[in-house]
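Here are the chains, one letter per residue:
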Amino acid sequence: MHDTQHNPESKTPRMTEFEARGLHFAYEGVAALRGLSLTVREGERIALLGANGSGKSTLLRMMDGLLFANSGTLKFRGLELNEAALGDDKFALGFHRQVGMVFQNPDVQLFNPTVFDEVAFGPLQMGWSRDEVLERVHKALEWIGASHLKDRAPYRLSGGEKKRVALASVVVLEPDVLLLDEPTAALDPRSQSQVIELLGSWNDGRKTIITATHQLEVLGEICERAVVLEGGEVVADALPQEILNDTALLQRANLVHVHRHVHDGVPHRHSSPYLHHEHQ
Amino acid sequence: MSAHPVASTLRGFSQALARTLVSEDAAHSGGVLQGVDPRAKLVGMLALVVASALAHRVPTLIALLAVGVGLAVASRVNVWSLARRVWLVAFAFTFMIAAPAMFLTPGIALWQWGGVVMTANGVHTAVLLVLRVEAAVTLSTLLVLTTPWMWLLKALRTLGVPVEVIALLAMTHRYLVLLAETANQMFESRQSRVVGKLKGAEQRHMMINTGGVLLSKTMAMGDEVYMAMLARGFRGEVRLLTEFRMKTRDWVAVAALLAVAAGAVVAGR
């Protein structure tokens, strides 16, 4: 049975997608997660905030069944994600059909000779028919505005194009849950906007989107709930604006820094370029 | 400042490797080998490689090498590029191994300097080894260059190669590309931070350090590549939109390649 909760807006029960309890994970003795607990419900758009090394990427990889906890449990729709479960081909295929992940570095995700092959890779693994694969790939390429790039080698694309192709290569499977690791990192402002707009247009209200980021300026556009990680633990879980207003928390979690400078002869103290700043 | 010759060579090699492996330009250029069913081509070319390994006569190996060159021309593979990137590299590595045989193999003396004697038998052995490697590498390279990598993997799978090996090959392909790309970026980064001319020992030290870091970085990235493949449902089985179908032309091609290989085995004894 799935755990459910009432959504006050839709008045419909929302299924629990992920339930993490006391997750511990270490890379060769270096702890990445320290007893992390978190519940994610269907249709939620969540941002995982944290500085480098806070455990965001590790948590996403565990949610995608790519890493497994040293201790603690992580369940997807009531089923525990462990090596035994993901070692079963049938379960793994079904799971990866439902949960897609876009990696931080698109270069690791783009390994096919052409953009078309790249987007078709996932559907082909699912064993779908040729016609269905072709239809979905064309639809996905059209969605990201990259139909004209279909014969290009992915490694020859610009950073923004690579990111969009990486996104299309996952979204083509139409997963219920999308995990995004720093989707707008290292992109120019125009490419950032394009990626955010694509994500907004993809979500039909029932899709669950979990985005790991440390870019606070995009927070309002990508989530309705923000979870702050620090040292492999959840230190805050609230509405995005509440998190953004808590400067002390953001400074402690290394998400903003204070710097002072002078212009027009007036000393300024900035906590962050996108938060409030105050004159001293 | 001009780049160190080693760095420059490695950079050129990494760029060429990335271009060749990723773009698969030659695999889509519409030549003779490109038109052959990947399974037929795999069987035929592997037979020629085996024949090269078994040949013990210089004329036979030269003939096999000539077959390779002929196929390269007919398949629109740039022979000059093949010579620079394949033959020279294969020659350099093989010659290092074969050179001592010229002096250590007993036989009729061709040249003598003090106690060092180069023998006719030694030279013959070295030439055989170099030619064998050149022929085998040329034929293998042609197979890889004229076949899209995933097609080749599927052809291997249909011939009964285990899923684990296919997964390993798929990973290796992407790993090599990453290695080449990362190496290129690291060399550029290094070069941009070097002022003046480094001494030979400093250059070698820098190259060794760079190599170590490169290996660690690409291993970490290799793990990520594998995860990215798993994340999209990869389980080691190669699935393509293209269905392989053997036509008369493919049967003729495989028969011709097998006949040449058999002839080379007989003639090369």
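Residues numbered from 1 in each chain as written. Chains lettered and ligands numbered in written order. Predicted model: local features only at pLDDT ≥ 70, side-chain atom pairs only at ≥ 80, totals over all residues.

### Here's the deal with the overall build of chain A
Turning to step 1, where the next piece is worked out: Each helix and strand in chain A was counted, giving eleven helices and 14 strands.
Turning to step 2, where the next piece is worked out: Considering chain A as a whole, with its 280 residues, one finds that 42% of them fall into the buried category.
Turning to step 3, where the next piece is worked out: Within chain A, counting contacts between residues at least 6 apart in sequence, those at least 24 apart form 64% of the total. (Helix = DSSP H or I, 4+ residues; strand = E, 2+ residues; numbered from the N terminus. Buried ≥ 20, exposed ≤ 12 C-beta atoms within 10 Å, placed from the backbone. Contact = placed C-beta atoms within 7 Å.)

### As for helix 7 (residues 159-171) of chain A
Residues and elements named next belong to chain A.
Turning to step 1, where the next piece is worked out: For helix 7, spanning 13 residues, the distance from its first C-alpha to its last is 18 Å, which sits close to the expected 18 Å at 1.5 Å a residue.
Turning to step 2, where the next piece is worked out: Along helix 7, eleven of the 13 residues are buried, which leaves the element largely enclosed by surrounding structure.
Turning to step 3, where the next piece is worked out: All of the buried residues along helix 7 are Glu-161, Lys-162, Lys-163, Arg-164, Val-165, Ala-166, Leu-167, Ala-168, Ser-169, Val-170 and Val-171.
Turning to step 4, where the next piece is worked out: Buried residues in helix 7 make contact with strand 7 (99-102), helix 4 (106-109), helix 5 (115-125), helix 6 (130-143), strand 8 (177-181) and helix 8 (189-202). (Expected span 1.5 Å × (residues − 1).)

### Description of the confidence of the model for chain A
In low-pLDDT segments, the atomic positions of the prediction should not be examined closely.
Residues and elements named next belong to chain A.
Turning to step 1, where the next piece is worked out: Per-residue pLDDT for chain A has a mean of 85; in total, 86% of the residues score no lower than 70.
Turning to step 2, where the next piece is worked out: Taking the mean pLDDT of every element in chain A, the minimum, 43, falls on strand 1 (residues 4-6) and the maximum, 96, on strand 5 (residues 71-76).
Turning to step 3, where the next piece is worked out: Note that pLDDT drops below 50 for residues 1-11; the model gives that stretch 18 contacts with residues more than four away or on any other chain. (pLDDT = per-residue confidence, 0-100.)

### Points about the interface of chain B and chain A
Turning to step 1, where the next piece is worked out: Contacts between the two partners involve 21 residues from chain B and, on the opposite side, 27 residues from chain A.
Turning to step 2, where the next piece is worked out: When contributions to the side of chain B that touches chain A are tallied by element, the ones reaching two or more residues are helix 1 (5-23) and helix 8 (200-231) of chain B.
Turning to step 3, where the next piece is worked out: With eight residues, the single largest contributor to the side of chain B that touches chain A is helix 8 of chain B.
Turning to step 4, where the next piece is worked out: Tallied by class, the residues present in the side of chain B that touches chain A amount to 13 nonpolar, two polar and six charged. (Nonpolar A, V, L, I, M, F, W, Y, C, P; charged D, E, K, R; others polar.)

### With respect to the environment of Lys-41 of chain B
All names here are of chain B.
Turning to step 1, where the next piece is worked out: Locating Lys-41 in the fold gives a position in helix 2 (residues 38-54).
Turning to step 2, where the next piece is worked out: Through-space distance from the C-alpha of Lys-41 to that of Leu-169 is 18 Å; in sequence the pair is 128 residues apart.
Turning to step 3, where the next piece is worked out: In this view, Lys-41 contacts Leu-33, Val-36, Leu-143 and Thr-147; residues no more than four positions away in its chain are not counted.

### Points about the nonpolar core
Turning to step 1, where the next piece is worked out: Core analysis: the biggest nonpolar cluster contains 83 residues, and Leu-48, Leu-49, Val-119, Ala-168 and Leu-179 of chain A have the highest contact counts within it.
Turning to step 2, where the next piece is worked out: Beyond its immediate sequence surroundings of up to four residues, Leu-49 of chain A is in contact with Thr-213, His-214, Ala-226, Val-227, Val-228, Leu-229, Ile-243 and Leu-255 of chain A. (Core = buried A, V, L, I, M, F, W, Y, C linked by C-beta atoms within 7 Å.)

### Observations concerning helix 4 (residues 79-104) of chain B
All names here are of chain B.
Turning to step 1, where the next piece is worked out: An ideal rise of 1.5 Å per residue puts 38 Å on 26 residues; helix 4 measures up with 35 Å between its terminal C-alpha atoms.
Turning to step 2, where the next piece is worked out: In helix 4, a bend of some 40 degrees at Phe-95 exceeds every other bend along the element.
Turning to step 3, where the next piece is worked out: In this structure, the buried residues of helix 4 make contact with helix 3 (58-74), strand 2 (116-119) and helix 5 (120-145). (Bend = angle between axes of the 7 residues up to and from the residue.)

### What about the packing of helix 2 of chain B against helix 6 (residues 149-158) of chain B?
Residue and element names in this part refer to chain B.
Turning to step 1, where the next piece is worked out: Put simply, helix 2 and helix 6 touch, their axes get as near as 9 Å, and they point 75 degrees apart. Taken together, helix 2 and helix 6 sit at an angle that is classed as roughly perpendicular. Here Pro-38, Arg-39 and Leu-42 of helix 2 come into contact with helix 6, specifically with Trp-151, Leu-152, Ala-155, Leu-156 and Thr-158.
Turning to step 2, where the next piece is worked out: Residues that form the contact of helix 2 with helix 6 fall into these classes: six nonpolar, one polar and one charged. (Axes fitted to C-alpha atoms, helices over the stretch in contact; angles between N-to-C directions. Parallel < 35°, antiparallel > 145°, perpendicular 65-115°, else oblique.)

### Things to note about the sheet that holds strand 10 (residues 225-230) of chain A
Residues and elements named next belong to chain A.
Turning to step 1, where the next piece is worked out: Read across the open sheet, the six strands follow the order 7-8-9-4-10-11; overall the sheet is mixed. Since the sheet does not close on itself, it has two edges, and those belong to strand 7 and strand 11 (233-238), each with one partner. Taken over all neighbouring pairs, the strand axes of this sheet differ in orientation by 20 degrees on average, direction set aside.
Turning to step 2, where the next piece is worked out: Bridge count between strand 7 and strand 8: four bridges; the pairing is parallel. Looking at strand 8, one finds that Gly-100 is bridged to Leu-178. (Pairing = 2+ DSSP bridges.)

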